[in-house]
Amino acid sequence: MRPILKTTFYGLITARGGAQSGDGGFVEVSGKNNLAFVGSVDTTAANGATGTLLLDPTTFNVCAACISGVGQIDDDDLNALLTGTNVTLMVSTGANGGGAGAGTGAGILTVQTGVNLNLSGNKLTFVADDDTGANISAGTITIETGVTITNGNVEFQAGTVNLSSTIGATIDTAVANAPGQVNVFLGASIQNGIDIVATSGTVTIGAGTFNEAIVVDKHMILEGQGATTIIDGTGLPGMKLIRITASGSMGDPLIIRNLVVQNADGGGTTGGNAGTGISLEAGGLDYIRIENVTSQNNDGHGIAIDAIGSASNIELINVTSTNNLGYGFRAPSSLTSIDGITFMGGEYSNNVEAGIGFNPNIDAGRTITNILIDGVTASNNSLGTSFVGDIMLLGVSGNVTIQNTVLTAGSGPNSRALWIDAIGGDAVITLNNVEFGGTPSSWMMLLTGMNGSDTLSMTDVRFVGTAGAGRADITFSPFNGMSGNHSIGNTDFSGSGSDFFISTLDGATVVIDA
């Protein structure tokens, strides 16, 4: 029914399925400009699926302890409807009311503070469009504070959704017109926002501390407000706080940015994958950017890859990963290929294991190449008993560049500033403008492997700390005799202790210009 100005409905509509078979029907009640609905609808089916009621005004609010009428419906009345039918609320501000037609404007649908919706096992769909049916991206749906939605399924179709309450109902994720922007405010669930947003959309988190663990399972952007947006794992034992199970694409990476992750609880274990701040878990990880993120005080790692297969085109930009009981960043031996991981700026400090650690198990079957560490500060890592370091790159088989970086080794029992193991004979290791400081218990810089055509080039490198007793600033300790061509240029050995040590030569050429 489409009257000229307003529809007021007080009656009963039935569109039930048959006694033996058949689904419930579809019912639409519309108003050109306004709709007041206080009736009832039954679209149940004894042996089929329940049908749907579409309420189709221009604007609409769901309110608590109010009187259903023009532009609004009381939550008790909506709950009563949902006992006998699925309900779709579709709004717009177009000239011809809701639904298809030539109109302008954008729909606004608000679920107001205090609303309590029990869906009775049925589905509630919110739709906010521009009245043409072709521009869902124009509409806005807002769930205010103090709202509960439980016991059924809920779907959102709009351009923008604002969440200030946690939704307990099951959120339908396979939605053609899912919103491209979801704003999550304190009191709401970040996971709800991720479930609602469209693939390639953006979830923006407001300021505050959110006590939850989330899964990013689609190509998207997850962003906070910086240091004021905190995801905290206190009281969530055994959980990784952000699990990334999807990838991005060339020129359009999956992005996590501008937030803090802290206090992931290992559930009684420390230093492992449980209790990790951010965990990258997709098979074939590709095009992921973590930017302006702090991961701190976690029982496990700050950021870790926990996947089998390959990882490529991973960027960590201005990341701070500190005070974790595992690694600041960890890439595991389960990866068969690492091709392209960039660390640009940031700090990796005071972690029990390595600040940045690759492939803890040396394995000639692995491929690690195109690693760039630029403008990083790594200090006082390797606090435990493991043989790691501020930076540990094991199994390197290709290009590694470390530049504009400061490494300050701590004094843990097996600490060192840098450990690189090269395998396969094709590693190209370049250090430029790197400072080594601190007081490690062992070497400042340890290189193992370095066979075949593996090469090391050092320029403007400064050793200003003190290597461990009986250890050197630079130590070549190849497993089968060192070969290849190596250049150590414009290097400052002003720190205390031995400067240079090679354990075994096998045709290597080393040019030193200190």
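Residues numbered from 1 in each chain as written. Predicted model: local features only at pLDDT ≥ 70, side-chain atom pairs only at ≥ 80, totals over all residues. Heavy atoms only, no water.

A.B. asks: I'd like a rundown of the pattern of salt bridges, residues and numbers included.
C.D. replies: In total, this model carries nine salt bridges according to the counting rule given. One salt bridge in this structure joins Glu223 and Arg257, with 2.9 Å as the shortest N-O distance. Here Arg257 lies in strand β25 (residues 254-262) and Glu223 lies in strand β22 (residues 221-223), a separation of 34 residues in the sequence. For Glu281, the salt bridge identified is with Arg243, shortest N-O distance 2.9 Å. Here Glu281 is found in the loop between β26 (278-280) and β27 (285-296), whereas its partner Arg243 is found in strand β24 (residues 242-244), with 38 residues between them in sequence. Taken together, the salt bridges that share partners define one network made up of Lys240, Arg243, Glu281 and Asp306. (Salt bridge = Lys/Arg side-chain N within 4 Å of Asp/Glu carboxyl O. Helix = DSSP H or I, 4+ residues; strand = E, 2+ residues; numbered from the N terminus.)

A.B. asks: Just give me the short version of the sheet that holds strand β6 (residues 52-56), but keep the residues and values in it.
C.D. replies: The strand order across the open sheet built from six strands is β3-β6-β9-β12-β15-β17, with neighbouring strands paired in parallel fashion. Looking along the sheet, the strands with just one partner apiece sit at the ends: β3 (26-30) and β17 (170-171). Here β3 runs beside β6; their pairing, made up of five bridges, is parallel. From the neighbouring strand, Val29 faces β6, where its bridge partner is Leu55. (Pairing = 2+ DSSP bridges.)

A.B. asks: Can you break down the environment of Arg471 residue by residue, with the values?
C.D. replies: Relative to the helices and strands, Arg471 resides in the loop between β42 (455-463) and β43 (472-476). Note: C-alpha distance between Arg471 and Met444 (27 residues apart in sequence) is 8.2 Å.

A.B. asks: Which residues make up the state of the cysteines, and what are the values?
C.D. replies: Taken as a whole and assessed by the stated rule, the structure comprises one disulfide. Sulfur-sulfur distance for the disulfide between Cys63 and Cys66 comes to 1.8 Å. Its torsion about the S-S bond being 65°, the disulfide of Cys63 and Cys66 is classed as right-handed. (Disulfide = S-S within 2.5 Å.)

A.B. asks: Please provide a residue-by-residue account of the confidence of the model for the protein chain, values included.
C.D. replies: Mean pLDDT for the protein chain: 87, with 86% of residues reaching 70 or above. Between residues 94-104, whose pLDDT stays under 50, and residues either more than four places distant or in other chains, the model counts 41 contacts. (pLDDT = per-residue confidence, 0-100. Contact = heavy atoms within 4.5 Å.)

A.B. asks: Outline the environment of Gly412, supporting the account with residue identities and numerical values.
C.D. replies: Topologically, Gly412 is positioned in the loop between β38 (399-409) and β39 (418-422). The spacing of Gly412 and Thr439 is 27 residues in sequence and 9.1 Å in space, taken between C-alpha atoms.

A.B. asks: If you had to explain the side chain of Ser349 to someone new, which residues and values would you point to?
C.D. replies: Relative to the assigned elements, Ser349 resides in strand β33 (residues 347-349). Residue Ser349 is classed as buried on the basis of its relative accessible area of 0%. Residue contacts for Ser349: discarding those within four places in its chain leaves Ser321, Thr322, Asn323, Thr377, Ala378, Ser379 and Asn381. (Buried < 20%, exposed > 50% of the residue type's maximum accessible area, 1.4 Å probe, protein only.)

A.B. asks: Explain helix α1 (residues 75-82) residue by residue, including any values.
C.D. replies: Note on helix geometry: an α-helix contains 3.6 residues per turn, so any two residues three or four positions apart are oriented the same way. Burial in α1 covers these residues: Asp75, Leu78, Asn79, Leu81 and Leu82. Looking straight down α1, one finds that the buried residues subtend no more than 160° of arc, so they occupy a single side. (Arc of directions from axis to C-beta.)

A.B. asks: Could you give me a rundown of the packing of aromatic side chains, with the residues and numbers involved?
C.D. replies: What the rule picks out here adds up to six aromatic pairs. Arranged with centres 5.8 Å apart and planes meeting at 40°, the rings of Phe329 and Phe358 form a pair that is tilted. Remark: Phe358 occurs in strand β34 (residues 356-358) and Phe329 occurs in strand β31 (residues 329-331); sequence separation between them is 29 residues. An angle of 10° between the planes, with centres 4.6 Å apart, marks the rings of Phe436 and Phe463 as stacked. Of this pair, Phe436 sits in strand β40 (residues 428-438) while Phe463 is found in strand β42, placing the two residues 27 residues apart along the sequence. Judged by its relative accessible area of 0%, Phe436 falls in the buried class. Aromatic rings pair up to connect Phe329, Phe343, Tyr348 and Phe358 into one cluster. For the cation-ring pair, Arg330 lies above Tyr327, with the distance from its terminal atom to the ring centre recorded as 5.8 Å. Between Arg416 and the ring centre of Trp419, over which it is positioned, the NZ or CZ distance is 5.0 Å. (Phe/Tyr/Trp six-rings, centres within 6.5 Å; stacked < 30°, edge-to-face > 60°. Lys NZ or Arg CZ within 6 Å of the ring centre and 35° of its normal.)

A.B. asks: Break down the nonpolar core for me, with residues and values.
C.D. replies: In terms of nonpolar packing, the biggest core is built from 119 residues, with Phe329, Phe358, Leu431 and Phe436 touching the most fellow members. Phe436 has contacts with Leu407, Ala417, Leu418, Leu431, Met444, Met445, Val461, Arg462, Phe463, Val464 and Gly465, leaving out every residue within four places of it along the chain. One finds Ala354, Leu394, Trp419 and Trp443 within the second-largest nonpolar core, a separate group that totals eight residues. (Core = buried A, V, L, I, M, F, W, Y, C linked by side-chain atoms within 4.5 Å.)

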